Each structure stands twice: as structure tokens, then as C-alpha cells.
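What the coordinates show
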Amino acid sequence: MLDYDEFVIEDLREVYGSYINEFLESIKKPNPRVYVRVNTLKTTIDDVLRQLPQFKRDEDFEEAIYAEVKGPNKINIYDDKVIVDKKTAESAMMGANVYKPGVKKVIVSGNRKSYVTVYSDNGIPVAEGIYYGMHSDLVVEVTNSLYSSPKLADLELLKRGYIYAQGKASMYVAHLLDPQPNETIIDMTAYPGGKLTHIYQLQPKARIISFDHTSKKVEKLRELISKMQMRIEVYKADSRYLYEDFNIKNVDKVIIDPPCSALGVRPKIYDKKTKDDILNFHEYQKQFLNAAYKILKERGVVIYSTCTVTTWENEKVVEDPRFSVEYEIRFHPHVHNMTGFFIAKLIKKG
């Protein structure tokens with residue numbers, strides 16, 4: 001189920017020592033809480049909690065609320081089955097409906113409205129529900145899943161920008177950035193927009209400029225920003241070349257949330273990572289930090305974060321002689337009951 005080569009295992013052992021098996025078991029299971037961030041620029045915590053009574057206030061962040069995840073539950077095994085890809089299986093496992101893009105194979109005796117079992121493509125039953133056929137986007141309405149939590153994507157409050165689905169570990173980024181009025185802040189890898197919109201929510205008087213490298217992601221970011229009623233600049237660019245392509249310089253703060261191996265993300269139906277995967281991510285991540293150095297002012301701040309746990313993608317990226325490391329924090333799934341996450345606050349040296 002978890003297929004990591006010796007290089008990856010040794011890196012994990014450097015972090016977790018004799019607790020490596022506890023870590024590996026923990027990432028097979030979901031976080032015990034599902035979080036949303038309330039957009040307090042549009043509504044209040046109290047109003048949202050009245051509409052979502054299954055949610056509770058977080059102990060640390062005023063803008064965060066959560067619902068408890070229940071399970072594991074028993075899944076009924078039907079003759080009819082729908083087989084889905086890894087990403088869809090991990091969502092259905094938490095109660096999300098199954099839509100056409102995630103379906104790999106359908107084995108049913110009737111056309112529609114039959115009960116089916118939803119399987120991952122490696123044969124694990126993750127949910128059951130009503131099959132609607134392949135003629136529409138909704139293929140299976142999930143009625144029971146291995147773990148149960150609110151179907152966030154179906155919430156009207158989310159669709160209208162009053163709340164945003166965001167893990168608690170991710171929420172630390174904007175708070176550590178500590179945005180101030182009139183600062184210029186660059187989000188180098190802004191999609192899907194959680195940290196970006198959180199920064200604006202904490203400080204609407206900052207100038208926030210965001211980038212991503214595909215037209216589709218930029219379009220989706222602009223749609224999100226619009227429905228959340230925020231004023232954030234969004235541009236299509238390869239952020240590794242912002243200084244050269246945009247002549248950006250003397251920026252106050254930068255956040256980097258680069259592509260990574262996502263070893264901290266839960267739950268995992270299965271996963272495979274090799275030495276080449278990790279080292280390729282490492283080299284790519286270093287390029288973003290190099291770009292941040294070029295555009296930051298002296299003593300400017302970088303917040304670097306990943307949802308992975310390897311040293312090669314975290315400590316060995318931010319150990320850069322051009323920066324001083326002011327703060328580092330890790331969140332461990334088996335210790336903190338949340339996504340495995342790394343955050344570092346760096347200061348550009350003069």
C-alpha cells in the first residue's frame with residue numbers, strides 16, 4: 001500500500017526514528033477533524049455555526065471551525081461496483097460523491113439507480129451509494145463511506161465564499177507571515193488559494209500579489225477571490241523568474257508553498273515515492289527560494305511550507321546561507337492528529 005524505496009525510508013527514519021511505523025500507519029487514516037476557515041470579511045463565526053451546527057470552534061484560531069470525522073465504518077459489498085482513481089477514492093473514503101472524471105471502470109447489471117460499492121483502483125472498498133449512470137457528471141451519490149464527515153463541496157456557504165475548506169496546519173502559514181498594512185506580499189505558488197485568501201483576511205490593507213503557472217489555475221483563483229470579495233492581484237507566471245520577467249524587487253514578504261511529495265497528506269489509499277522523486281522536488285523547491293531571494297528587500301521574510309515530511313524537501317531546502325532561519329515547526333500526523341506539515345520563517349541576510 002505504501003511503497004517507498006530505501007532512500008525515502010532512511011529520510012523518514014531520520015525524522016521519526018523508532019516511531020517511523022507509527023507515522024506510516026497514521027497517514028493511512030484521515031485527520032480526526034475536518035476544518036473550514038470562516039471568511040470573517042463576509043460573515044461571522046456565530047452566523048456560520050448557526051447554519052452548521054455540527055461544527056465547533058477551534059481552540060487556537062478564531063476564524064477556524066471543525067467537525068469531527070467518524071469511522072471506520074462498515075461498507076456493504078454489492079455485486080455492482082464502481083472503480084475510481086486514487087484521488088477520487090480518497091475523497092469518497094471521506095464521504096464525497098463520485099463524479100465522472102474520477103471513474104475508471106463500472107461493473108453494473110442495470111443502467112442506473114442501483115446500489116453499488118465504490119472501490120479504489122487497487123481493490124479497497126471505500127464507500128457505497130446510489131449509481132446514477134455515466135450519462136451525467138454525478139456517477140455515485142455516496143450514502144455510506146469508510147469515514148464520515150460533512151460533504152464540504154455541497155455546502156452553500158462554501159459555494160458562496162462564506163467559508164473555505166482548509167486544514168489547520170495550513171492555517172499557521174498566514175499567522176506566521178503576520179501581514180501588516182501597506183506591505184507588499186508575494187504568493188509564488190498561489191493555487192488553490194487557501195493561504196492566499198487567509199493572508200488577505202488577516203490584513204486587507206496589504207498589497208497581495210499572487211502567481212501561478214497555468215491559465216486554468218489563474219482563472220480559478222480569480223473566481224475564488226471574487227466570491228470571497230477580496231482584492232488580490234493574480235497573474236500567470238513561472239514564479240522562478242519573477243525578477244527577470246516582471247522586474248519585481250524590494251518585496252516585504254514572500255510565501256512559498258512549492259510542489260512536493262505530499263507524504264504528510266492523509267488519508268492515503270496507496271502511495272509510491274522514490275529517491276528520484278524526492279531529489280527532483282528538492283531541486284525544484286530550491287529554485288523558488290532562489291527567486292524569493294532576488295525579489296525580497298534586505299531583511300525581507302520568506303514563509304516556506306510543505307505538506308510533506310522529508311528532510312530533503314524541508315530542512316535541506318531552507319538551509320541556505322543567504323537566509324537566516326528564524327523559526328521552524330513540524331506537525332506530525334501521529335502526534336498532532338493533523339496533516340504532516342513543515343513551516344519555516346526565513347530572513348534575507350543583508
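Right above here is the structure, for reference.
Residues numbered from 1 in each chain as written. Predicted model: local features only at pLDDT ≥ 70, side-chain atom pairs only at ≥ 80, totals over all residues. Heavy atoms only, no water.

What about the overall build of the chain?
Each helix and strand in the chain was counted, giving 12 helices and 19 strands. Taken against the 2.2 N^0.38 rule, which gives 20 Å for 350 residues, the C-alpha radius of gyration of the chain at 21 Å falls within 12% of a compact globule. Residues classed as buried in the chain amount to 53% of the 350 residues present. A separation of at least 24 residues holds for 71% of the contacts in the chain among residues at least 6 apart in sequence. With an accessible surface of roughly 16000 Å², the chain has 48% of that area assigned to carbon and sulfur atoms. When the 51 basic and 49 acidic side-chain charges of the chain are each reduced to a single mean position, those positions are 4 Å apart. (Helix = DSSP H or I, 4+ residues; strand = E, 2+ residues; numbered from the N terminus. Rg over C-alpha atoms; globule rule 2.2 N^0.38 Å. Buried < 20%, exposed > 50% of the residue type's maximum accessible area, 1.4 Å probe, protein only. Contact = heavy atoms within 4.5 Å. Areas by Shrake-Rupley, 256 points an atom, 1.4 Å probe, with all protein chains shown as cover. Lys, Arg positive; Asp, Glu negative; His and termini not counted. Charge placed at Lys NZ, Arg CZ, Asp CG, Glu CD.)

Some remarks on the packing of aromatic side chains
Inspection of every chain in the model, using the stated rule, returns 12 aromatic pairs. Seen from their ring centres, F211 and F246 are 5.3 Å apart, and the 70 degrees between their planes marks the pair as edge-to-face. Here the residue F211 occupies a position in strand β13 (residues 207-212), and F246 occupies one in helix α9 (residues 242-246), the gap between them amounting to 35 residues. The partly exposed category is assigned to F246, whose relative accessible area is 36%. Of note, K42 hangs over the ring of Y162, and the distance from its end group to the ring centre comes to 4.3 Å. (Phe/Tyr/Trp six-rings, centres within 6.5 Å; stacked < 30°, edge-to-face > 60°. Lys NZ or Arg CZ within 6 Å of the ring centre and 35° of its normal.)

Some points on the pattern of salt bridges
Between side chains of opposite charge, a pair can form as their charged atoms come close. Inspection of the entire model under this criterion finds 23 salt bridges. For E68, the salt bridge identified is with K56, shortest N-O distance 3.2 Å. Taken together, the residues span a long stretch of sequence, with E68 in strand β4 (residues 64-68) and K56 in strand β3 (residues 56-57) at a distance of 12 residues. The class of E68 is partly exposed, set by a relative accessible area of 44%. (Salt bridge = Lys/Arg side-chain N within 4 Å of Asp/Glu carboxyl O.)

Description of the environment of V318
By the element assignment, V318 lies in helix α11 (residues 315-318). With 222 residues separating them along the chain, V318 and A96 place their C-alpha atoms 36 Å apart. For V318, the residues in contact, after removing those within four places along its chain, are L289, Y304, V325, E328, F342, A344 and L346.

Here we look at the sheet that holds strand β6 (residues 98-99)
With mixed pairing, the 6 strands of this open sheet are ordered in space as β6-β10-β9-β8-β5-β7. The open sheet has two edge strands with one neighbour each: β6 and β7 (103-107). (Pairing = 2+ DSSP bridges.)

Here's the deal with the sheet that holds β4
Pairing in this open sheet of 4 strands is antiparallel, and the strands run β3-β4-β2-β11 from one edge to the other. Looking at the sheet topology across the chains shown, the edges are occupied by β3 and β11 (163-165). Set on the sheet, helix α7 (residues 194-202) makes contact with β2 (33-38) and β11; between it and β2 the angle comes to about 45 degrees. (Axes fitted to C-alpha atoms, helices over the stretch in contact; angles between N-to-C directions.)

Some points on the environment of Y4
With respect to the helices and strands, Y4 occurs in strand β1 (residues 2-4). The sequence separation of Y4 and L296 amounts to 292 residues, and the corresponding C-alpha distance is 37 Å. Excluding its chain neighbours within four sequence positions, the residues that come into contact with Y4 are I9, L12, L24, I27, L263, K268, D271, K272 and K273. A distance of 2.7 Å separates a polar atom in the side chain of Y4 from a polar atom in the side chain of D271. (Polar contact = N/O pair within 3.5 Å; in protein donor to acceptor, adjacent residues only side chain to side chain.)

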